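# Reading the structure
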Amino acid sequence: MSSRPQLPERAPRGEGVPTALDGLLVVDFTRVVAGPACTQTLADFGAEVIKIENPDGGDDTRHYEHADLAGESAAFVSLNRNKRGIALDLARPEARAIARELIQKADVVVENFSAGVMKKYGLDYASVAPANPRLVYCSISAYGRQGPFASRPGFDPITQAESGFMSLNGFADGPPVRTGTPIVDFATGMSACNAILLALLARDRLGRGQHVEVALFDIAVALTGFYGMAHLMTGLNYSRQGNSPNGSPSVGVYDGSDAPFYIACANDRLYRRLVVDVLDRPDLASGEFGDRRSRTANREKLRGILAGIFASDIRDNWVTRMKAANIPVGFLRTIEEAFNSPELRERHRLNQIPHPAAGSVPNIESPLRLDLTPLVDPVAAPMLGQHTREVLRKTLGFDEDRIAKMAEAGVFGAAGSKG
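Attention in this report is confined to the structure presented alongside it.

Conventions used here
Residues numbered from 1 in each chain as written. Predicted model: local features only at pLDDT ≥ 70, side-chain atom pairs only at ≥ 80, totals over all residues. Heavy atoms only, no water. Salt bridge = Lys/Arg side-chain N within 4 Å of Asp/Glu carboxyl O. Helix = DSSP H or I, 4+ residues; strand = E, 2+ residues; numbered from the N terminus. Buried < 20%, exposed > 50% of the residue type's maximum accessible area, 1.4 Å probe, protein only. Arc of directions from axis to C-beta. 1 Å grid on protein atoms, 1.4 Å probe; cavity = no way out; pocket = protein on both sides within 12 Å on 5 of 7 lines; lining within 4 Å. Points joined across faces, edges and corners; volume = space filled by probe spheres on them. Nonpolar A, V, L, I, M, F, W, Y, C, P; charged D, E, K, R; others polar. Pairing = 2+ DSSP bridges. Axes fitted to C-alpha atoms, helices over the stretch in contact; angles between N-to-C directions. Contact = heavy atoms within 4.5 Å. Right-handed = clockwise from strand over helix to strand, strands pointing away. Expected span 1.5 Å × (residues − 1). Phe/Tyr/Trp six-rings, centres within 6.5 Å; stacked < 30°, edge-to-face > 60°. Lys NZ or Arg CZ within 6 Å of the ring centre and 35° of its normal.

### Side note on the pattern of salt bridges
In this structure the tally under the stated criterion is 22 salt bridges. The residue lysine 301 makes a salt bridge to glutamate 288 at a minimum N-O spacing of 2.7 Å. In this pair, lysine 301 is assigned in helix α12 (residues 299-310) and glutamate 288 in the loop between α10 (268-278) and α11 (292-297), connecting sequence segments 13 residues apart. Of the residues examined, lysine 301 reaches a relative accessible area of 46% and is grouped as partly exposed. Put simply, glutamate 343 and arginine 333 hold a salt bridge, and the shortest N to O gap is 3.0 Å. Placement of glutamate 343 in helix α15 (residues 342-345) and of arginine 333 in the loop between β11 (329-331) and α14 (335-339) is noted, with a sequence separation of ten residues between them. When salt bridges with common partners are traced through the structure, they connect Arg10, Glu365 and Asp377 into a single cluster.

This is how it looks when you write it as structure tokens:
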């Protein structure tokens, strides 16, 4: 049985150091992956993000099966850092009134409900913008908020399948494969964050906010990248090529005598350095292997030669020699190996932070770095409804009697009626 990795405490940021998004208020109606990934980035850099959840179970990711600590799932913990969580039953008019009050004070609203839900509650952009014209309102959906597919439900793997993106993943002799992580969700979250920041920059110039939209399907199409563009240029239907783009024999996975590694000699200069300086085979740098097109045309023959050479020694020796020759090479690691690697540990990507129920939870640092306005000190993802009363008191100015009456009326759900 494997044990939980031991992680260091996180070093605090400098005292008095500013944040990039200080003073920005974000009302977050999102759940699952794309929306929470977007709002977590805003929270990481100083925005006050208030996450609104249904009191009956909350965000779906709270119950994902990957792993949990004290009932808090790995998915939820990984996507909701630095947010304050409140529970509101939006089926009740009092809860919708609270949501509208928060939106009136907000700089940003982010939502990823099914089509028509926010309008049903009177919380869509058209309904709330007149009272807050500087509001930036971001809608995330599978197929957009307009057009004939607006009402279609969809998730990351569906858009991977329908966009052609999945057809590019896997090996030529096997079926299409979805990516292990929900890459379309994560890319959509990043794109939504970019769209919000662009709209905030525009607000500074134009004096007003706007409605921005990001659709998973559109992002999946964009992720087809130069293969999609090449199809438009040639009409060819590009497909799976495994670990070697365009079948290049000098890019991909090879096996040492004990373990695999990945090389990426994608141009003539790097390839020549590989076969001459590392393999001591200058004969492989001319003739039928002399340039990239020739190597691709003779890829199976060259791949067999390289595989035979690499099988003659252990992986570490090959990787050491290639690194010394400044050739792009890497170990083919498992998650466990990667998370124990010097690249990850020495860059201080992993630590642990306090959690009210679990004691502490692991933390994977944001990949973004800003020297002048660094990340805030991370706070673990909130328990369901953890900050409801605090937000109502401090952000909206409600008194205790008003909060108590709302709790008794079930505005915060059954659990919120206690305490």
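### Remarks on helix α9 (residues 225-234)
Every buried residue belonging to α9 is among Tyr227, Gly228 and Ala230, and all of these are buried. Summarising the axial view, the buried residues of α9 lie within an arc of 160 degrees, below the 170-degree limit, and thus occupy one face. Projecting away from the buried face of α9 at angles above 90 degrees are the exposed residues Phe226, Leu232 and Met233. Positive backbone phi, at 85 degrees, marks glycine 235, one or two positions downstream of α9.

### Digging into empty space enclosed by the protein
Under the definition given, this model contains two cavities of 30 Å³ or more. By volume, the largest cavity is sized at about 40 Å³. Around the largest cavity, the lining residues are Arg10, Asp44, Arg81, Asn82, Asn363, Glu365, Ser366, Leu375, Val376 and Pro378. In terms of residue class, the lining of the largest cavity is made up of three nonpolar, three polar and four charged. Empty space within the second largest cavity amounts to approximately 30 Å³. Looking at the second largest cavity, the residues that line it are Ser248, Pro249, Ser250, Cys265, Ala266, Asn267, Arg292, Arg295 and Thr296. Broken down by class, the residue content of the lining of the second largest cavity amounts to three nonpolar, four polar and two charged.

### Describing the sheet that holds strand β6 (residues 108-111)
With respect to topology, six strands assemble into an open sheet ordered β5-β2-β1-β6-β7-β8, the strand pairing being parallel. At either margin of the open sheet sits one strand with a lone partner, and together these are β5 (83-87) and β8 (211-215). Shown here is a sheet whose adjacent strand axes are inclined to one another by a mean of 20 degrees, direction ignored. Here strand β7 (residues 136-141) pairs with β8 via five bridges, running parallel. Pairing of tyrosine 137 across the sheet is with histidine 211, part of β8. The sheet contacts of helix α1 (residues 34-44) involve β1 (25-28), β2 (48-53), β5, β6 and β7, and relative to β5 the element is tilted by about 130 degrees. Against the sheet, helix α7 (residues 183-206) engages β6, β7 and β8, with an angle of about 160 degrees to β7.

### Thoughts on the pairing of β1
Covered by surrounding structure in β1 are Leu25 and Val27 together with Val26 and Asp28, the residues of both alternating faces. Pairing geometry for β1 and β2, over four bridges, is parallel. What sits directly across from leucine 25, in β2, is glutamate 48. Considered for its hand, the β-α-β crossover made up of β1, α1 and β2 is right-handed.

### Description of helix α3 (residues 93-105)
An ideal rise of 1.5 Å per residue puts 18 Å on 13 residues; α3 measures up with 19 Å between its terminal C-alpha atoms. Every buried residue belonging to α3 is among Ala95, Arg96, Ile98, Ala99, Leu102 and Ile103, and all of these are buried. One face of α3 carries all of its buried residues, which in axial projection span an arc of 155 degrees.

### Thoughts on the environment of glycine 209
If you trace the backbone, glycine 209 turns up in the loop between α7 and β8. Taking relative accessible area as the criterion, glycine 209 reaches 4% and is therefore assigned buried. In this structure, the C-alpha to C-alpha distance between glycine 209 and alanine 129, residues 80 residues apart in sequence, is 8.5 Å. Sequence-distant contacts of glycine 209, that is, excluding residues within four places in its chain, are made with Tyr125, Pro133, Arg134, Leu135, Val136 and Arg203.

### Topic: the packing of aromatic side chains
Within the structure shown, the criterion is met by seven aromatic pairs. Ring centres of tyrosine 143 and phenylalanine 217 lie 5.7 Å apart, and the angle between their planes is 35 degrees; this geometry places the pair in the tilted category. Here the residue tyrosine 143 occupies a position in the loop between β7 and α6 (156-163), and phenylalanine 217 occupies one in helix α8 (residues 216-222), the gap between them amounting to 74 residues. You can call phenylalanine 217 partly exposed: its relative accessible area is 26%. Between phenylalanine 310 and tryptophan 318, the aromatic rings sit 5.3 Å apart at their centres with planes inclined by 85 degrees, giving edge-to-face as the arrangement. Owing to a relative accessible area of 0%, phenylalanine 310 belongs among the buried residues under this scheme. The class for tryptophan 318 is buried, based on a relative accessible area of 4%. Put simply, the rings of Tyr254, Phe261, Phe310 and Trp318 touch in pairs and so form one group of aromatic residues. Geometry around phenylalanine 76 places arginine 62 over its ring, the cationic atom sitting 3.8 Å from the centre.

Fair warning: the whole summary comes from geometry, so function is off the table for now.
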